[in-house]
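The chain contents come next:
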Amino acid sequence: MTNYPNPGADEARSLLGRNLTYGMLDSLGRAIVTGRYEQEAFPTEAELAKQHGVSRSVTREAVKMLTAKGLLSARPRQGTVVQPQVSWNLFDTDVLRWLLERQFSVDLLKQFSQLRVAIEPEAAALAARFGDERDLAQISAGLARMEAAERGDDDTLDADIAFHVAILRASGNPFYAQFRDMVATALSTSIRFTNRIKGRTANVADHAAVRDAIEARDPDAARTAMRALIGDVLDLIEHVETTKG
């Protein structure tokens, strides 16, 4: 009797393997970022496989992915070791998520916002110079979603992210566009912070000023409006730190 390959079974096994790998990746990544292995050695692949009830191949793939994120490194005669935080890829969305899950930090929000204020105003200026009609339509669509969110007809965070990501893409510079995940993560933290401190979400009028300057093809005004937008969060952080001090 001839045995024919079963594409459906092969696909199911492949999907299961990926799910197990990403589940292990998430578990180990969170454990590393929360400091579980600061006082103990990182387990061997055999130990990890036994602890998590998975195959060595799944373990090896998860460790390889954590190494690519800068959390682990393999050293001769030392095995796999946890890297210091300065080596972590902070632009990796998983690493950012694990950091935020570890503990809400005003310092981390400040660092996010300092990076944003160095990037997004220039992206807005570039969008004013190079954005085409489709880019401008996406920016306006993001603003419309923010207005809808104010009425309770859209998600506040998703709408805010859509607006800022549209500007990064409208810059026409692929390097700026690559910051979309970092900006999305920073915004989620920022909105949680401003809601807790001031009981409000993003100021739609301030966002409209950025959109209007971009549509007017005024790079300087777009840069200034975006800097003011992000600077509002930095001013709030400084006020909180001064009050605590």
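Note that this is a predicted model, so its numbers are computed, not measured.

Novice: Quick rundown of the nonpolar core? Include the residues and the values.
Specialist: Residues Ile 167, Val 210 and Ile 214 are the most contacted members of the largest nonpolar core, which totals 61 residues. Filtering out sequence-adjacent residues up to four positions away, Ile 167 remains in contact with Ala 123, Ala 124, Ala 127, Ile 139, Val 210, Ile 214 and Met 226. Residues Val 106, Leu 109, Ile 237 and Val 240 belong to the second largest nonpolar core, which totals seven residues.

Novice: Could you give me a rundown of the environment of Gly 172, with the residues and numbers involved?
Specialist: Structurally, the position occupied by Gly 172 is in the loop between helix H7 (156-170) and helix H8 (174-177). Accessibility expressed as a relative area gives 61% for Gly 172, which makes it exposed. When the C-alpha positions of Gly 172 and Gly 131 are compared, they lie 6.7 Å apart, and in sequence the two are 41 residues distant.

Novice: Give me the lowdown on the packing of helix H5 (residues 106-130) against helix H10 (residues 204-215), citing residues and values where you can.
Specialist: Packing of H5 against H10 brings their axes to within 8 Å, and their N-to-C directions diverge by 35 degrees. Across the interface between the two elements, Ala 124, Ala 127 and Ala 128 from H5 touch Val 210, Ala 213 and Ile 214 from H10.

Novice: Got a sec to walk through the packing of aromatic side chains? Specific residues and values, please.
Specialist: Geometrically, a pair of aromatic rings is defined through the distance of the ring centres and the angle of the planes. Under the defined criterion, the tally for this structure stands at two aromatic pairs. Centre to centre, the rings of Phe 91 and Phe 179 are 5.5 Å apart; their planes meet at 75 degrees, and the pair counts as edge-to-face. Residue Phe 91 is found in the loop between strand S2 (79-82) and helix H4 (93-102), and its partner Phe 179 is found in the loop between H8 and helix H9 (180-198); the two are separated by 88 residues along the sequence.

Novice: Got a sec to walk through the packing of helix H6 (residues 133-150) against H7? Specific residues and values, please.
Specialist: At a minimum axis distance of 8 Å, the contact between H6 and H7 shows a crossing angle of 165 degrees. Accordingly, the angle class assigned to the pair H6 and H7 is roughly antiparallel. H6 and H7 meet at a crossing whose hand is left-handed. In contact with Asp 135, Gln 138, Ile 139, Gly 142, Leu 143, Arg 145, Met 146 and Ala 149 of H6, H7 contributes Thr 156, Asp 158, Ala 159, Asp 160, Ala 162, Phe 163, Ala 166, Ile 167 and Ala 170. Here the contact of H6 with H7 is built from residues that sort into 10 nonpolar, three polar and four charged.

Novice: How would you summarise the pattern of salt bridges if you had to cite specific residues and measurements?
Specialist: For the structure on display, the rule yields 14 salt bridges. Here Arg 116 and Glu 120 are joined by a salt bridge, their closest N and O atoms 2.4 Å apart. On the criterion of helical spacing, the pair formed by Arg 116 and Glu 120 is a turn pair, its members being four residues apart in helix H5. Residue Arg 116 is classed as buried on the basis of its relative accessible area of 3%. Two residues, Asp 212 and Arg 211, come together in a salt bridge whose shortest N-O distance is 2.9 Å. For Asp 212, a relative accessible area of 39% translates into the label partly exposed. A residue is classified by how much of its surface remains accessible, and Arg 211, at 18% relative accessible area, is buried.

About the thresholds
- As a convention, each chain's residues are numbered from 1 in the sequence order in which they are written.
- pLDDT decides what is reported in this predicted model: residues at 70 or higher carry local features, side-chain atom pairs at 80 or more are listed and counted, and totals for whole chains, interfaces and linings draw on all residues regardless.
- Note that the side-chain values use all heavy atoms of the structure and ignore hydrogens as well as water.
- Think of a nonpolar core as a cluster: buried Ala, Val, Leu, Ile, Met, Phe, Trp, Tyr and Cys residues, connected wherever their side-chain atoms sit within 4.5 Å.
- For every residue, the accessible area obtained with a 1.4 Å probe (protein chains only) is divided by the maximum for its type, and the residue is called buried under 20%, exposed over 50%, and partly exposed between those limits.
- Here, two residues are considered to be in contact whenever any of their heavy atoms come within 4.5 Å of each other.
- Here a helix means four or more residues in a row that DSSP labels H or I, a strand means two or more in a row labelled E, and each is numbered from the N terminus.
- Whenever a helix is involved, its axis is fitted only over the stretch in contact; in every case the axis is a line through C-alpha atoms, and angles between N-to-C directions fall within 0 to 180 degrees.
- Pairing of aromatic rings covers Phe, Tyr and Trp, the last through its six-membered ring, and needs centres within 6.5 Å; plane angles under 30 degrees mean stacked, over 60 mean edge-to-face, and all others mean tilted.
- Should an angle lie under 35 degrees it is considered roughly parallel, over 145 roughly antiparallel, and from 65 to 115 roughly perpendicular; all remaining angles are considered oblique.
- Crossing handedness follows the turn of the near helix against the far one: under a right angle anticlockwise gives a left-handed crossing, and clockwise gives a right-handed one.
- When residue character is reported, Ala, Val, Leu, Ile, Met, Phe, Trp, Tyr, Cys and Pro are called nonpolar, Asp, Glu, Lys and Arg charged, and the others, Gly included, polar.
- Salt bridges, as used here, are contacts in which a Lys or Arg side-chain nitrogen is within 4 Å of a carboxyl oxygen on Asp or Glu.

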